[in-house]
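Listed here are the chains, written in short residue letters.
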Amino acid sequence: MIEINRQGEVWVYAEQQDGELQEVVLELCGKARELANTLGVAAGAVLPGASLQGLPERLIAHGMDRVYVVQDDRLGFYQTGPYSRAVGALIEKHLPQIVLYGATPLGRDLAPRVGSEMRAGMTADCTDLEIKDVMDSRAKETHEKLLLQIRPAFGGNIIATIVNYDMWPQMATVREGVMPMVEPDSSRPGEIIEEHVELPDELFAVRLIERHVEARTVNLKGARVIAAGGGGVGSRQKFRLIHELAGAIGGAVGASRAAVDNGYIGKEHQIGQTGTTVRPALYIAAGISGAVQHRAGMEEAAKIIAINTDPEAPIFSVAHYGIVGDLDKVIPMLIRAVKERR
Amino acid sequence: MPYDCVLMVKQVPDTTNVTADAMRKDGTVNRGALPAIFNPEDKYALEAALEVRDRHGGSVTAISMGPPKAADILRECLYRGVDRAILLTDRRAAASDTLATSYILAQAVKTIGRFDIVFAGRQAIDGDTAQVGPQCAQKLGVTQITYLEELVSIEDRTIRIRRNFGDGWEIVEAELPVLVTVMNTANRPRPAAARKIMRFKRARVEMEVASEVSAAMKSASADERADQVARRVDTLREGGLLIEQWDLDTIGADLSRCGLAGSPTKVYKVQSIVLTKEGYTEVPPTEEATRQMIRELIVDHTLG
């Protein structure tokens, strides 16, 4: 662990692949900027890799004051050993108070290794972060301006708030798609710092034999929030609304069998007995009547919003919030309401 | 060439079936009301370890950290063919976060001694952190390969693995020893073998023997009970039916790195989001009403 450094920066691990930043990194830049402002400190990104042209500038445009670049031709493909050494060495050198990582598969491979190396705390899969004074009731001591690390736990049945009093830096991985991305500003000033980290060859213990990059498949099972549409949406074109809603809430797109059979969307999005069974924190069912086969696949969601023109639709029997109305009008309202709050 | 494998397994509350019955009045989860199960992804890690042993020879040692009840999943491992089972149980390990847990497990693996491959499930369903595998690998000072989907080959101490890295898959190679975490797409876990069930259903850790003896000999003195426990433990050991019971002293753990003291992350607050569904809130299709609903969902952290 590092010494407690209240002037320390708020950092983002800038995960990139083949010179492309992961989207979650830009989402985290927005959050890190906000946290840094609250703390009155600078925000920084740590960027290891082989070909990084243009990336520091993008990170600065998204809110970073400093970008620490570790360029090394051997860092062409991600592997745990050298990447964790690069990040760890820079943490020890610059003593940030907070380090955030995207909870991508590779972010979740790297972050715990770094945390263990530093003997510091690491909270997985946060969905929200805040700064607050925290009273430690055991020691009767108040810790000022700690990072509250908020995450679902226990299969999504509880929300836990985690803090790290003194085994710093305060570090967390953050779910993809939950932090709003802020508009980039290419006129923002920022500093690009070339760092040199000693990376002995033995750290490169893994050899890459073959790699296939595929478009990510729909991860309905892992989605915390899902916006789903049914036959009531009316057309493939109008199904765009469901995609937009999912985008606004940072969720996945689901569908009932009727929507799939009508060709509004691919079968991989189907939820229900013959599709995927999901239990997200929030399920929005729009234009879905709620046949028992569909309900079987989603009724375990922690919260369900049903939108339907028919007040007798069976979907309302499992809903927590019911909106009787036309989804063409209701969904844009929802999107506006979500965007306003962010 | 034979390989010695260590398998890390966890008993978890079945979080996939949390019902209102499992919720206390104050909104917290009553873990005791949930069935305790074999962490799903650990079953694939078990199968992967057994396949290595079956193909190349060597051994599989299963280790679990938990209360005496966690011996259940070690028996499940024995039913499927592991060679040795160890339960690490110690009240001083309670409230360990992932870092403290990985320290304890790594100490236990070091105590086992020589190993070539450590297998673990990708993550456990109670915390879903996926952190303990990589943290253990760091503490053991070995290469980690996460998200195993196929163990392609092991030749001359070089392991080749196909792993899923989220944006696709890759085949990678490394020298042993390694720690791998296994996904539920890796294999088809074998069922328990009937003959092994017959044999190992009587396997026990010492603490289980002690509570069985206490229940059966209520009126006996403490000394009589202790004698009886010792006799039964000897019999189990001779029959190869004693599940080893270790504590933090067995593994030479530094207590400042275990339990609450060794855990950087502390739970500050817990909030339940399981609802009992009794009717629903009717939201009129207006801007103001939808805004109010979204506000509620943000306040209770349903929306990020």
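Since the structure is predicted, the reported quantities are computational estimates derived from the model, not experimental observations.

Q: Is there a simple way to think about the overall build of chain A in this case?
A: For chain A, the helix and strand inventory stands at 8 helices and 18 strands. Over its C-alpha trace chain A gives a radius of gyration of 22 Å, about what one expects of a compact globule, namely 20 Å for 342 residues. If you line up chain A on its principal axes, its C-alpha atoms span 65 × 55 × 40 Å. Residues classed as buried in chain A amount to 56% of the 342 residues present.

Q: Which parts of the structure should I look at to understand the sheet that holds strand β13 (residues 281–282) of chain B?
A: Paired through backbone hydrogen bonds, the strands of a sheet run either parallel or antiparallel to each other. Read across the sheet, 6 strands follow the order β15(A)-β14(A)-β16(A)-β17(A)-β18(A)-β13(B) without closing on themselves; strand pairing throughout is parallel. Two strands bound the open sheet, and with one partner strand each, they are β15 (252–255) of chain A together with β13 of chain B. Relative to β13 of chain B, strand β18 (residues 321–324) of chain A is paired through 2 bridges, and the arrangement is parallel. From the neighbouring strand, Y321 of chain A faces β13 of chain B, where its bridge partner is T281 of chain B. Against the sheet, helix α5 (residues 240–249) of chain A touches β14 (225–229), β15 and β16 (282–286) of chain A, its axis set at about 170° to β14 of chain A.

Q: How should I be thinking about the packing of helix α3 (residues 80–94) of chain A against helix α4 (residues 105–118) of chain A in this particular structure?
A: In a packed pair of helices, the relevant descriptors are the angle between the two axes and the axis-to-axis distance. Residue and element names in this part refer to chain A. Where α3 contacts α4, the axes come no closer than 9 Å and their chain directions differ by 50°. With respect to α4, the axis of α3 lies oblique. Considering how the two elements wind past one another, α3 and α4 form a crossing that is right-handed. Mapping the contact onto sequence places T80, Y83, S84, V87, G88 and I91 in α3 and D109, L110, R113, V114, E117 and M118 in α4.

Q: Sorry if this is basic, but what is going on with the pairing of β14 of chain A here?
A: Along a regular strand, successive side chains alternate from one face of the sheet to the other. All names here are of chain A. For β14, the tally of buried residues reaches 5 of 5 residues, placing the bulk of the element in the interior. Of the two faces of β14, the one holding V225, A227 and G229 and the one holding I226 and A228 are both buried throughout. Of the pairings in the sheet, the one linking β14 to β16 comprises 5 bridges and is parallel in character. When the bridges of β16 are listed, A228 appears paired with A285. As defined by bridge partners, β14 adjoins β15 across 4 bridges and the pair is classed as parallel. Among the inter-strand pairings, A227 is bridged to a residue of β15, identified as V253.

Q: Which parts of the structure should I look at to understand the pairing of strand β4 (residues 58–65) of chain B?
A: Residues and elements named next belong to chain B. Burial of β4 is extensive: 6 of the 8 residues sit out of reach of the surface. Strand direction decides the pairing type here: strand β1 (residues 3–9) and β4, joined by 7 bridges, are parallel. Residue Y3 lies in a different strand from β4, and its bridge partner there is G58. Of the crossover connections in this fold, the one passing from β4 over helix α2 (residues 71–80) to the parallel strand β5 (residues 84–88) is right-handed.

Q: Just checking my understanding: could you explain the sheet that holds strand β7 (residues 143–155) of chain B for this structure?
A: Strand order in this open sheet of 10 strands is β13(A)-β9(B)-β8(B)-β7(B)-β10(B)-β6(B)-β1(B)-β4(B)-β5(B)-β11(B), and the pairing throughout is mixed. Bordering the open sheet on either side are β13 (207–213) of chain A together with β11 (244–246) of chain B, each of which pairs with just one other strand. For this sheet, the mean inter-axis angle between neighbouring strands, taken without regard to orientation, is 30°. Bridging between β7 of chain B and strand β8 (residues 158–164) of chain B involves 6 bridges; their strand directions are antiparallel. Note that in β8 of chain B the partner of L151 of chain B across the bridge is I161 of chain B. Each of β1, β4, β6 (117–121), β7 and β10 (178–182) of chain B is contacted by helix α1 (residues 40–56) of chain B, which is oriented at about 170° to β1 of chain B, the strand it contacts most.

About the thresholds
- Residues numbered from 1 in each chain as written.
- Chains lettered and ligands numbered in written order.
- Predicted model: local features only at pLDDT ≥ 70, side-chain atom pairs only at ≥ 80, totals over all residues.
- Helix = DSSP H or I, 4+ residues; strand = E, 2+ residues; numbered from the N terminus.
- Rg over C-alpha atoms; globule rule 2.2 N^0.38 Å.
- Buried ≥ 20, exposed ≤ 12 C-beta atoms within 10 Å, placed from the backbone.
- Pairing = 2+ DSSP bridges.
- Contact = placed C-beta atoms within 7 Å.
- Axes fitted to C-alpha atoms, helices over the stretch in contact; angles between N-to-C directions.
- Parallel < 35°, antiparallel > 145°, perpendicular 65-115°, else oblique.
- Left-handed = near helix turned anticlockwise from the far one by under 90°.
- Right-handed = clockwise from strand over helix to strand, strands pointing away.

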